[in-house]
Structure formats: structure tokens, C-alpha cells
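One letter stands for each residue in the lines below.
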Amino acid sequence: MHLVTFHESGTERIGVLDRARGEVTDLARAAPTLPRDMQGLIALGDGGVEAARRAFDSGAARLPLEQVRLCAPLRPARNLFCVGKNYRDHVNEVRTPGVAGAEAEPEVPIFFTKATTCVIGPGEPIPARLDPTRSVDYEGELAVVIGRGGRGIARAGALDHVYGYTIVNDVTSRHLQKRHRQWFLGKSLDGFCPLGPALVTRAAVPEVAALRILTRVNGETRQDGAAADMIFDIPTLIETLSAYVTLQPGDILSTGTPAGVGAGFTPPRFLRPGDRVAITLEPIGVLENPVI
Ligand code: MG
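The rules behind these values
Residues numbered from 1 in each chain as written. Predicted model: local features only at pLDDT ≥ 70, side-chain atom pairs only at ≥ 80, totals over all residues. Heavy atoms only, no water. Pairing = 2+ DSSP bridges. Helix = DSSP H or I, 4+ residues; strand = E, 2+ residues; numbered from the N terminus. Axes fitted to C-alpha atoms, helices over the stretch in contact; angles between N-to-C directions. Core = buried A, V, L, I, M, F, W, Y, C linked by side-chain atoms within 4.5 Å. Buried < 20%, exposed > 50% of the residue type's maximum accessible area, 1.4 Å probe, protein only. Donors = N, O, S within 2.8 Å, 3.2 Å for Na, K, Ca; no water. Disulfide = S-S within 2.5 Å. Phe/Tyr/Trp six-rings, centres within 6.5 Å; stacked < 30°, edge-to-face > 60°. Lys NZ or Arg CZ within 6 Å of the ring centre and 35° of its normal.

S.K.: Describe in detail the sheet that holds strand 14 (residues 212–217), supporting the description with residues and values.
M.R.: Taken together, the four strands give an open sheet; going across it, the order is 15-14-17-18, and neighbouring strands pair in antiparallel fashion. Both outer strands of the open sheet, strand 15 (220–226) and strand 18 (285–290), are each paired with one neighbouring strand and no more. Taken pair by pair, the neighbouring strands of this sheet meet at an average axis angle of 15 degrees, ignoring direction. Two elements, strand 14 and strand 15, share six bridges in a ladder whose sense is antiparallel.

Printed below as a string of C-alpha cells:
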């Protein structure tokens, strides 16, 4: 099931997307007792998913997709958790010759966060002009949305804590990332986290490892990776993070990017105003944003 947050007639509500028919079930009308925002729905767990499905199946309160504007499916309550260097081919492409240590393949997952204020929805512009160093880069990524929180979550049961999946573009100012010796700042500029277009529930993605991540810039394929190639898989990431941090419903964990980022080219191919970045990750959909 494709859960979405949309804007229509002056308000933001949640709904269920029917991709085949190009319609959105307005849950505020089809299931008026449900919460009006995604965090509230996630807090209801499986019961909320079932209620949304019943509303979707009823055929009630459907809006044509052209009549609504899709927003980021959820606005995280706290910083997004992210993983750096989680694909071997990406580690190799950003390796700096002659620099030891930090550039090697990680032995444990590298975590950092992105500020909630950088989240934007599908179609919203990525404001590259906010980066004075003109080194804005894209990173197409599969992101996990946590359903049931917890601390000390074991690898074996980790996927039971996953509510669903979405797409993140971990937009990065490469020069700020290097200059400040910590990734937070270069990855947290306003608008540097396109998210969406849908939150797809876990049951609709039975084989996460089979997912393919395609990033195109102006129609040219730059990244073509497989989730199966992650160095640390999703259960390992959840086990490692939750060993120290209590996970909460609605937390977002972005799992890293495969090879093909702009910084990996010689010379680098950074984003420029007028570009369009489209990340395709089926069955979630396409997350496309213009650059300004
Ligand atoms: Mg990343």
C-alpha cells in the first residue's frame, strides 16, 4: 500500500495512492476517525494500516492525482538517521588517493544525521543556490521508516520494527562536508532532503534486497545500484543504531547510496540550477525534483 501526504484545497492530509488509476483516497473523508497526519497513523501500528486499506478498498473519497499536490509522506519528528559509505562501489569512487584511514571500507556502519528542516516533497525545488561552494551533489537512497520503536533490537527481529520504505535524496554540499570535517552541516542545508513520493508499507516490499536504485540527472542514468549490495544490511543497521539510541515510531533511516554520485566523476559533475534529479526505486515510485 502506498501511503501519501497531500495538499488539496488549502489543507494537508494523508491518503492512499492508487498508482494504476492515478487516484488518491482521501483518508480524512474515507476514514474520518483516523489521524490526519502520517506520524499519527504510524503510531496506530498494524491497526492503522488495516483501517487505511479498508478505506482504500471501499472506493470512497477518491481524488484524481492531478487535483492534489503530493508532499513528503511524513515530516520526521527528529533528525533523519543516515548511513555513509554503505556500498562498496561508492566507497571506491570517493576514495582519495594517498589518504589513509577514513577512506577505507568501514568495519562498522557510519551514522550521521540530517536536520528535519531540510526535508522537501516530490517536485519541490532543491535550492542549490544556498551552497556558496557550488558543490551540490545527489545521492539516491532507500529509506526505512520505523514503525515499532525500541532499544537493543536484535538483528533477527529487526524487520518487524519496519513500518515501510520510502526514497531519500541525500543531497550534499561536498565542499562543506569536507571543510567542516563532519557530515551534518554539508548535508543539512534547507531543502537538501527530498523525500517521497510515497511511504510503502512493509508487506508490499517482501524482498528488500531485490530493490534497484536508479538515479537520473536530466534523463541521464548516473546511479544504478542494488540494495543487495549494501555492506551492512537493514537488520544490521537497526541492530547497531538501536544498541545505543532508542528508536521511535516514525524515525527515518536512510541506508546509503550506491556508486555514480557527481563527486565520483573527474572532473566532478555537481548539480546546477535547471537540472532535474529523478530517483526511481520500484515499487515505491519516482522521486523527482528540479534544482534551482
Ligand atoms: Mg548518503
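S.K.: Got a sec to walk through the nonpolar core? Specific residues and values, please.
M.R.: Grouped together as the largest cluster of nonpolar side chains are 43 residues, with contacts concentrated most on Leu3, Leu27, Met38 and Tyr163. Among the elements of the structure, strand 2 (11–18), helix 2 (38–43), helix 3 (46–58), strand 6 (80–84), strand 8 (119–120), strand 10 (140–146), strand 11 (162–169) and strand 13 (193–201) are those that each provide at least two residues to this core. Looking at which element gives the most residues to this core, the answer is helix 3, with five residues. The next biggest cluster of nonpolar side chains, apart from the first, holds 39 residues, and it includes Val83, Ala198, Ile234 and Leu281.

S.K.: Lay out the coordination of the magnesium ion in plain terms, naming residues and giving numbers.
M.R.: Looking at the metal site, the magnesium ion is ligated by Glu139 (OE), Glu141 (OE) and Asp170 (OD), spaced 1.9 to 2.1 Å from it. Sequence positions of the residues that donate to the magnesium ion give the spacing E-x1-E-x28-D. Of this pair, Glu141 sits in strand 10 while Asp170 sits in the loop between strand 11 and strand 12 (172–173); the two residues are 29 residues apart in sequence, bridging distant segments of the chain. No difference in accessibility class separates Glu141 from Asp170, as the two residues are buried.

S.K.: Give a description of the state of the cysteines that names residues and reports values.
M.R.: Under the defined criterion, the tally for this structure stands at zero disulfides. Not engaged in a disulfide, the cysteine Cys71 finds its nearest cysteine sulfur in Cys193; these two sulfurs lie 15 Å apart. You can see Cys82 has no disulfide; the closest cysteine sulfur is in Cys193, sitting 6.6 Å from it. Residue Cys82 is classed as buried on the basis of its relative accessible area, which comes to 1%.

S.K.: Can you lay out the packing of aromatic side chains for me, pointing to particular residues and giving the numbers?
M.R.: In total, this model carries one aromatic pair according to the counting rule given. Judged by centre distance (5.2 Å) and plane angle (70 degrees), the rings of Phe112 and Trp183 are edge-to-face. With Phe112 in strand 7 (residues 110–114) and Trp183 in helix 6 (residues 183–186), this residue pair connects regions lying 71 residues apart in the sequence. For Phe112, a relative accessible area of 5% translates into the label buried. We classify Trp183 as partly exposed; its relative accessible area is 21%. Across the ring face of Phe56, the terminal group of Arg62 is positioned such that the distance to the ring centre comes to 4.7 Å. Against the face of Phe265 rests Arg222, its NZ or CZ located 5.6 Å from the ring centre.

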